[in-house]
Structure formats: structure tokens, C-alpha cells
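This is what each chain is made of:
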Amino acid sequence: MDPNIHEAHRRDRRRRRLPSLLLLTIIVIVVASWIGLFGFLGSTAAMGTAQSLEERYLCDIDGMDLTFPDVSRLSSVVTSDGVELGKLSERNSQPTPLDEMPVMVIDALLSAEDKSFYEHSGVDFRAIFRSALAGGESGASTITQQVVKQNFLSSDRTIERKICEAQVATELERRFTKEQILEFYANSVFFGSNAYGVVAAAQEYFGKSLDELTIAEAATLVTPIRSPTFYHPRQNPQNSFEARNRTIDRMFDNGFITVDAATTAKAQPLGVVPHPESEELSPQVMIAVRRALLDDTDPRFDPRFASVLGDTYTERKQAIFGCPAADTTCSGGGGLTIVTTVNDDWQKEANRILRAWYRPGSGGPTGAIATVENATGAIRVVASGIEYGTDTAAGERPYDLAIGGRRHAGSALKPFTLAAALENGDLEGRRVTLNSYWDRSSPAAIDCGSPGCGGNPNNSIWAPLNAGREPHRLTTLEAGTYSSINTVYARVIQAIGPEVVIEMAARLTRSPLVPPRSARWRWPRHTRRSPTAATTSSRTSSSASPTRRARSSTSTAASRCGCCRNRSPLR
């Protein structure tokens, strides 16, 4: 072993020896003084001196709240079809009832921390005396005293605090059963690496549930309690290994295991696994959940969350995540089951489609699918063709295209517009085909028919744009669809009328939110004309020459469906 480890261990023993000796000395002095005072002084003087000692060294238990703090819990995020997407927590705390903890884990815990737990009444005077003589090797604080120190008193290293600790420990033993004290301790004590309680520690260090642990693993599990850094199984494996074997020896001495089991366990390696990365099936959904519940500056924040979770960000955060790991004064929080509207089966199918259409790493285009249920507005799918993550060299993106890509949702209406155009033709009664030519110049200038309908309250002109400005030129409807050209589709809607687009969208989506015919938007020119009627058009027929210029009319109103407007996704 490294000599520095020996020296650190000796310092640790000396550090723990002093409180034990001082507490033992104070108890002996107080008891002896009490007996002497009553033996040689009058009762009144003795009582006065005793009262003075009590005021100095004893604490006011009646003025203390000695109820156990609520232990933080993990919150779960699940889909509408019951699949868990991940956990929300800052403090890895997963309390479980004592009767669900394996006996072997409890035996290891008692052997390492307090073998006489079921025999003393909060303070183990024999352990204090034994620890003082042994230099603190075996420890003197009982499990009950550790509960007191961690939850009810400060960490000051004074004689007054140590005496108060013993006093409160005795009171806890009077108020609670041994099982209640042990259960709270096993679920709340810190094991290092943000693991609080035996369940979290088993997952952190071994990736296992409690009932899967071996004797050696159970003994390793409890070693960080005394010093989460010095005995950390990953950071200081040699220290942890030696402490583990001492715990195994104590388990044998206490009659919890046989000599053969102890020998076998001590020969095993630590077997500690790397820190487990939290697995989230849909990390983009998890991020959206956090924002929706916490961020009241987000326009999607529902004020009803504040009435349930808390008015402030801090209150809501504790209600969802539980206590921060470093805050020893905080208690409670977490333990929520947050049900999202996302459907896991649909989400998987959307990801399958995107992976099939857009091969990861191919360097080609990608896609995103955001599916909203028309009847309720519930978001059912949030998927994108590029993996969500921080490894940009591997082709990942630190944001999700479906939410953070800032893609305009209006283009989702273009397929319905195309279907309506191909089925119905234009308002003049002429057929629309994929080979028909349309003006793609940008920006377009389309008269909405009334001030403000184009987004400008001062005029009635709607001016949709493409990605940039383009001169007047023609393109086929097929090419306009492939490139998703906004101005082409704005002029298609102008030519066929928005009502047929709305009707097509209603048919294909079965949307109950489509307004009745009497309430739908109307064009100034809302009746279809015969093919012989004189008119101007924004496109040429399919038989026209590609070089022939089409006259762009601004006399008709534009669609008010907003298919090409700058709208945020999922709004």
C-alpha cells in the first residue's frame, strides 16, 4: 500500500479518537460530579450546580422538531402508453421500505456502522470506550447518532454538540422504533457519487438492484459511508478494498455469514462498474418536459403548473427534482409521475421512417416529424432524422430538429394544398398538374382583401418569401414541391382558393377543428368560373412553353391558412 495511505489512515484514526475520548471523559466527569455534589453538598446547592451544567451541555429537546425529514425521490416521465422515458432528479435518492431490503445488505450495514444497533438505546458506551482505546478504528457513533448529526444538529466539533447529539439520539430511540430509524438511515445516508440510500448506491457502483448483490458487493457498498472520498470504490479502490474485507470479517464475527462465505467474498475483486450514464429514450422530449414545467417565460408554460408545483422556479424545481445534492437543509420533493402526450409506439415508428429515408452519416438531407392530434392539440411524436446528442463529430446535434430546428410548420400544409390542386383544379375550372408552371419570384405580393390579413395592419398585401429574394421566373409544380418553395404554394392557394385546401386537410386528417362551411374564410371571388371566363392567372398551363411569362395577379385575396407564415413549430 502507498505510505501516504497509511499516514492518511492514521490521521483519520486520530481524528476520530479525540471525540470519543472527550465524550467519554465528559460523561465520566458529569456522572462523578453529580454523585460528588449530592454526597458532599446540600441538595439545594447540588441542584443549582446540576442545573448550570444542564444549561451549558444539554440541549432543549422540547424545542426541537425531531420528525424525520421527507426523503427526496426520483420523478418519472412516461408516455401516454405507459413507457418510461427517463428520470428527473438532482439527488439520486430512491427510498425503499426496510422489509424490501435484503437481509444481507442490512447485515453488512450493521457490521460496518453499528453492530450493537439493536442492543443500545441510542448511545453505545461500550463502543465509545472501545473506540477510544483503539484509536477510533471501529467508530463510536451509532446509527442513531449519525441520523441526529446529519439531520438535526450542526456539524460543529464541540463537546456541547457531542453531548447534545447523544441526548437527542436517546430521545429518538424513545420516539421511534429501531426499524423506523434504520429504514430512514439506509435510505438517506450519503454513499458518494450523488447516491443517497442503499438502492441508489447499488445502482451507482454495481448497476444492480439490492437483491442481486453478492456478499462482497454488499460489503463494498457500505464502505463509503464513513468517508465518501477516502473509501470511494472508484477513486480510492485500494482503501475501499481493505475496508470491504474488514466489513466481511465483522460480518463473520457477528455470525451473519460462514467462514467459507467470508473467505470466498474476500478473494473477489471489487467489481465496481463505471458511472452509469442516464438512459433517456427520447432526450428531446425530456428537455421539453423540463422547460414546460419549469420555465414560466416560455409561451407554452401552463400557469396551472404553478398552482400545483409552486409559484417560483425554485419551488417547482424542488417539487419535480427533489433536493439538490449539496443542500443538507433541504428535504422532500420529487416522486412525481409525469405523463406526456407522446405515444411511444408512434415515436418509434417515426424514428424508423426517418432512419430509412435519411441514412445517418450519409451527408445528405435530414428530416423531422412532429405529430399533433387535431382533436386535442396533444403532441404525439417528436422525432428527427439526426441523433440528438453532443458528439457533433459523430453527426449528432445538440438540439432536436423537431423542436429546436426552427423549421416553419406551415410547410406541413403544402401536401394538402397539392392534393386539393390536383383534384379540383383552379378557380377558373382548369386542371392543375405537376407539369404546370408557376411563378417562383420572391417575395410575392398577394392582396388579402382586407387590411392586416397579411401581417401588416396598414395594408392588405401578404408578401410570403422564400429563403431569399428571387427574380421573376417560372418553375414546375413538381420542382416547387420538391424544393418546398413558399411563393409557388402561396400562388397555388391563390389560384385554387383556400376552402378546398381546408376541406382536403379535414378529409386527410379527420380534423374536428375545421370550422363549418359557413364560418370558413371567403375570397372576394369565391365562385368557380367557367373555363371561358376572362381572367388572369399566376401560372401557365401545362402545355405552355417554359419560356412564356405568366402574369402574376394581385387582385385576388390570399389564403389565410398561414401555411407559409413564420410560425414556431409545435405552437
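Details of the structure are given in the entry above.
Small disclaimer: the values here were computed from a predicted structure and weren't measured.

A. Here's a closer look at the pattern of salt bridges. One pass over the full model with this rule turns up 20 salt bridges. A salt bridge links Arg304 to Asp302; the shortest N-O distance between them is 2.6 Å. Exposure remark for Arg304: the relative accessible area of 59% places this residue in the exposed category. Several salt bridges converge on common partners, so that one network encompasses Glu171, Arg174 and Arg175.

B. Examining the packing of helix 10 (residues 237-253) against helix 11 (residues 259-266) more closely. At a minimum axis distance of 9 Å, the contact between helix 10 and helix 11 shows a crossing angle of 175°. Taken together, the axis directions place helix 10 and helix 11 in an arrangement best described as roughly antiparallel. Note on element contacts: helix 11 touches helix 10 through Val259, Ala262, Ala265 and Lys266, opposite Phe241, Arg244, Asn245, Ile248, Asp249 and Phe252.

C. Examining the nonpolar core more closely. In terms of nonpolar packing, the biggest core is built from 53 residues, with Leu172, Val198 and Leu210 touching the most fellow members. Secondary structure elements with two or more residues in this core: helix 3 (103-113), helix 5 (143-151), helix 6 (159-175), helix 7 (178-188), helix 8 (198-206), helix 9 (215-221), helix 10 and helix 11. No other element matches the seven residues that helix 8 contributes to this core. Leave out the neighbours within four places in its chain, and Val198 touches Met101, Val105, Ala186, Phe191, Leu210 and Leu221. Ranked by size, the runner-up nonpolar core spans 19 residues in total, among them Phe416, Tyr489, Ile493 and Val501.

D. Fine view of helix 10. Taking 1.5 Å of rise per residue, 17 residues should cover 24 Å, and helix 10 covers 24 Å from first to last C-alpha, within 8% of that figure. Every buried residue belonging to helix 10 is among Asn239, Ser240, Ala243, Arg244, Asn245, Thr247, Ile248 and Met251, and all of these are buried. Looking one or two residues beyond helix 10, the residue adopting positive phi is Gly255, at roughly 80°.

E. Structural detail: the packing of helix 3 against helix 7. Here helix 3 crosses helix 7 at 90°, and the two axes come no closer than 12 Å. When the axis of helix 3 is compared with that of helix 7, the two are roughly perpendicular. Contact residues: helix 3 offers Ile106, Leu109, Leu110 and Glu113, while helix 7 offers Leu182, Tyr185 and Ala186. Looking at side-chain class alone, the contact of helix 3 with helix 7 contains six nonpolar, no polar and one charged residues.

Calculation criteria
Residues numbered from 1 in each chain as written. Predicted model: local features only at pLDDT ≥ 70, side-chain atom pairs only at ≥ 80, totals over all residues. Heavy atoms only, no water. Salt bridge = Lys/Arg side-chain N within 4 Å of Asp/Glu carboxyl O. Buried < 20%, exposed > 50% of the residue type's maximum accessible area, 1.4 Å probe, protein only. Axes fitted to C-alpha atoms, helices over the stretch in contact; angles between N-to-C directions. Helix = DSSP H or I, 4+ residues; strand = E, 2+ residues; numbered from the N terminus. Parallel < 35°, antiparallel > 145°, perpendicular 65-115°, else oblique. Contact = heavy atoms within 4.5 Å. Core = buried A, V, L, I, M, F, W, Y, C linked by side-chain atoms within 4.5 Å. Expected span 1.5 Å × (residues − 1). Nonpolar A, V, L, I, M, F, W, Y, C, P; charged D, E, K, R; others polar.

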